[in-house]
Amino acid sequence: LEINSKRNSIIVFPTKALAYGKHSKHPNTLYVGSEIKGEKVTNQQIEEYLAKDGYKKLLVVADSLGRLLGIIGKNYKDYFLMIDEVDVLQTDNNFRPQLENVIDYYLMFPSKNRCMVTATMKEFSNPHLKTECRFPITWQYNTHRNIDLLHTDNITQAVIEKVISHPTEKIFIAYNSILQIRNIIASLDEESRKECAILCSEASIKEAGEYFAPKLGDNDTLPARINFATCCYFTGIDIEDSYHLITVSDVRRSHSMLTIDRMTQIHGRCRKDDGILSETIIYNTLGYVSVMESMDSYTVTLLNKAKKVLKVIESADAIMQGDYTLTVLFSLVKEAIREKAQERIAGYEFINLIRKNVEGKYVPAYLNIDYIIERTELYGSYFMPETLKAVLSRQANIISYTAIPNYDVSPKQSSIEKSNKDAQNMLAERYIQEAIYNIKLLSTTGQLNDNTLYL
């Protein structure tokens, strides 16, 4: 609707695959983001597009919004700003902290010149977003989902058996772990391996190896018979194909443990009527969890922690006032405080509670706080095998539920997993050595600064 509306628009997407995909379908738009499929839009190309007659339709990747607004300048209020799949900003901000800059820019636009869209809206801890008008749109006919639910201690073996059970039809396996995907592929027979593809971001080309698929096939069909996909293909992508859907939620790594909303988004990728031939969700569980008394009170606690840390930073500014010889020292102190002001989720990952906004001011990291709340609730869903079943059954029909607690790990599977893990470690070591080499090169040529180091 926004692409076809009679006004100038900036539409922000969480991933470049999504932004470029929409651009490909609408030639009157301009893609703005990092290089994809050999194409990179320069500042000059953006300026030339802005100078053309007609309504401007700028499809921008979240990370490039600041660059685009810098080119548009003070006329940015002549545009309507839409953030698509806004829930992805909440779930991905912990490892892409620049995503919250999008919210900073969003709040600069007049309230009638901005909106956010998602099929799975979550609560926001940011007080400025709590007052936004909301327009819930309900489907007259909800998509009917029949789910085979499978709990197991050996996800690799469970996925393999499901793949084998569909020997001729297409399969789409949503699993946010390339290492585990490679373990599954390596465990298949040689003919099946030839039918595999991995849909993932270009940043993971080396990990995906010969199975890397840069995009969907012709007419938005799946590129292979057995298709694996990581998180950049979980939201916003339109698949015009028929396939068996296998969704994997693996608690061994936080990034591969899925929310119910994310499972819903994955199911929604199929745009073909009756295209989902069957839907299976395979998962494992923690067996333990620390339960919070109340998520509302926990949110308040986190916001209070962030505010206390900000007071420490304000005190540092007050102490430094008027003594510019302390500027460098205190900037280091404030960054150290920001880095150490963290919350640990369920004994696992550490998440920052404060951040620098686009104006360089320290503020609460609201999207990170949203993420902490979501993840803490999520760990509760994976407490016992029956817990996820109970949560899922509220919005879908569980047609079968199977718990296979003791899949034996074969010597072959152990060998494959060790080999792939060793290969991943070697690749990581190579990346580290390349980074060290580049940093040394920048240093010796006098080009080492914050910007080059970030790149």
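Scoring rules and cut-offs
- Note that residues are indexed from 1 along each chain, following the sequence as it is written.
- Given that the model is predicted, a residue must reach a pLDDT of at least 70 before its local features are reported, and side-chain atom pairs must reach 80 or more before they are shown or counted; all residues, however, enter totals for whole chains, interfaces and linings.
- The side-chain quantities take in all heavy atoms of the structure and omit both hydrogens and water.
- Think of it in three bands: with a 1.4 Å probe and only protein chains considered, a residue is buried below 20% of the maximum accessible area for its type, exposed above 50%, and partly exposed in between.
- Helix and strand assignments follow DSSP, with helices taken as H or I runs no shorter than four residues and strands as E runs no shorter than two, numbered in order from the N terminus.
- Any pair of residues with heavy atoms lying within 4.5 Å of one another is described as a contacting pair.
- Paired strands, in this sense, are two strands between which DSSP finds at least two bridges.
- Only C-alpha atoms enter the line fits that serve as axes; for helices the fit covers just the stretch in contact. Angles between N-to-C directions range over 0 to 180 degrees.
- To pair, rings of Phe, Tyr and Trp, with the six-membered ring standing in for Trp, must have centres within 6.5 Å; the planes then decide the type, stacked if under 30 degrees apart, edge-to-face if over 60, and tilted in the middle.
- Each ring is checked for a lysine NZ or an arginine CZ that lies within 6 Å of its centre and within 35 degrees of its normal; such an atom marks a charge sitting over the ring.
- The span expected for a helix works out to 1.5 Å for each residue beyond the first.
- Here, a salt bridge means any side-chain nitrogen of Lys or Arg that lies within 4 Å of a carboxyl oxygen of Asp or Glu.

Undergrad: How would you explain helix 11 (residues 260-267) if you had to name every residue and give the values?
TA: For helix 11, a buried count of six out of eight residues is recorded, marking the element as mostly surrounded by other parts of the structure. Buried residues of helix 11: I260, R262, M263, Q265, I266 and H267, and no others. The inward-facing, buried residues of helix 11 abut helix 4 (86-92), strand 7 (171-174), strand 11 (243-249), strand 12 (276-283) and helix 15 (385-392).

Undergrad: An account of the sheet that holds strand 5 (residues 114-117) is requested, with residue identities and associated values reported.
TA: Strand order across the open sheet formed by five strands is 2-3-1-4-5, with parallel pairing between neighbours. The open sheet has two edge strands, strand 2 (30-32) and strand 5, and neither has a second partner. Each adjacent strand pair in this sheet contributes to an overall mean axis angle of 20°, direction not counted. As judged from the four bridges shared by strand 1 (residues 9-13) and strand 4 (residues 80-84), these two strands associate in the parallel manner. Counted as the bridge partner of S9 is F80 from strand 4. Of the strands in this sheet, strand 2 and strand 3 (57-61) touch helix 2 (residues 43-51), which is tilted by about 145° from strand 2.

Undergrad: Report on the sheet that holds strand 11, specifying residues and quantitative values.
TA: Sheet strands line up and pair through hydrogen bonds in the backbone, either parallel or antiparallel. If you walk across this open sheet you meet the eight strands as 9-8-10-7-11-12-6-17, and the pairing is parallel. Since the sheet does not close on itself, it has two edges, and those belong to strand 9 (212-213) and strand 17 (397-404), each with one partner. In this structure, strand 7 lies alongside strand 11, joined through four bridges in parallel fashion. Each residue of the ladder has a partner; that of A174, found in strand 11, is T247. Against the sheet, helix 11 makes contact with strand 7, strand 11 and strand 12, and its axis sits at roughly 160° relative to strand 11, the strand it touches most.

Undergrad: Give me unusual backbone geometry: which residues, what numbers.
TA: Positive phi values are uncommon outside glycine, yet E85 reaches one of about 50°. Locating E85 in the fold gives a position in the loop between strand 4 and helix 4.

Undergrad: Could you give an account of the packing of aromatic side chains, naming the residues involved and the relevant values?
TA: With the rule as written, the count across this model stands at four aromatic pairs. A centroid spacing of 5.0 Å and a plane angle of 70° characterise the contact between Y76 and F109, whose relative ring orientation is edge-to-face. Linking Y76 in the loop between helix 3 (65-72) and strand 4 with F109 in the loop between helix 5 (100-106) and strand 5, this pair joins segments that are 33 residues apart in sequence. Each member of the pair, Y76 together with F109, is buried. The ring of F80 has R7 lying over it, and the distance from NZ or CZ to the ring centre is 3.7 Å.

Undergrad: Break down the environment of R338 for me, citing the residues and quoting the values.
TA: Checked against the element boundaries, R338 lands in helix 13 (residues 327-340). Each C-alpha atom of the pair R338 and N176 lies 29 Å from the other, and the pair is 162 residues apart in sequence.

Undergrad: Any details on helix 14 (residues 366-381)? Residues and values, ideally.
TA: For helix 14, with 16 residues, the first-to-last C-alpha span of 23 Å sits near the 22 Å given by 1.5 Å per residue. Counted residue by residue, helix 14 has 14 buried out of 16 residues, so it is predominantly covered.

Undergrad: Tell me about the pattern of salt bridges, residues and numbers included.
TA: Throughout the structure, instances matching the rule amount to 22 salt bridges. The partner of D63 in a salt bridge is R96, and the shortest N-O contact between them spans 2.6 Å. Within this pair, whereas D63 is found in the loop between strand 3 and helix 3, its partner R96 is found in the loop between helix 4 and helix 5, the two being separated by 33 residues in sequence. Exposure remark for R96: the relative accessible area of 15% places this residue in the buried category.

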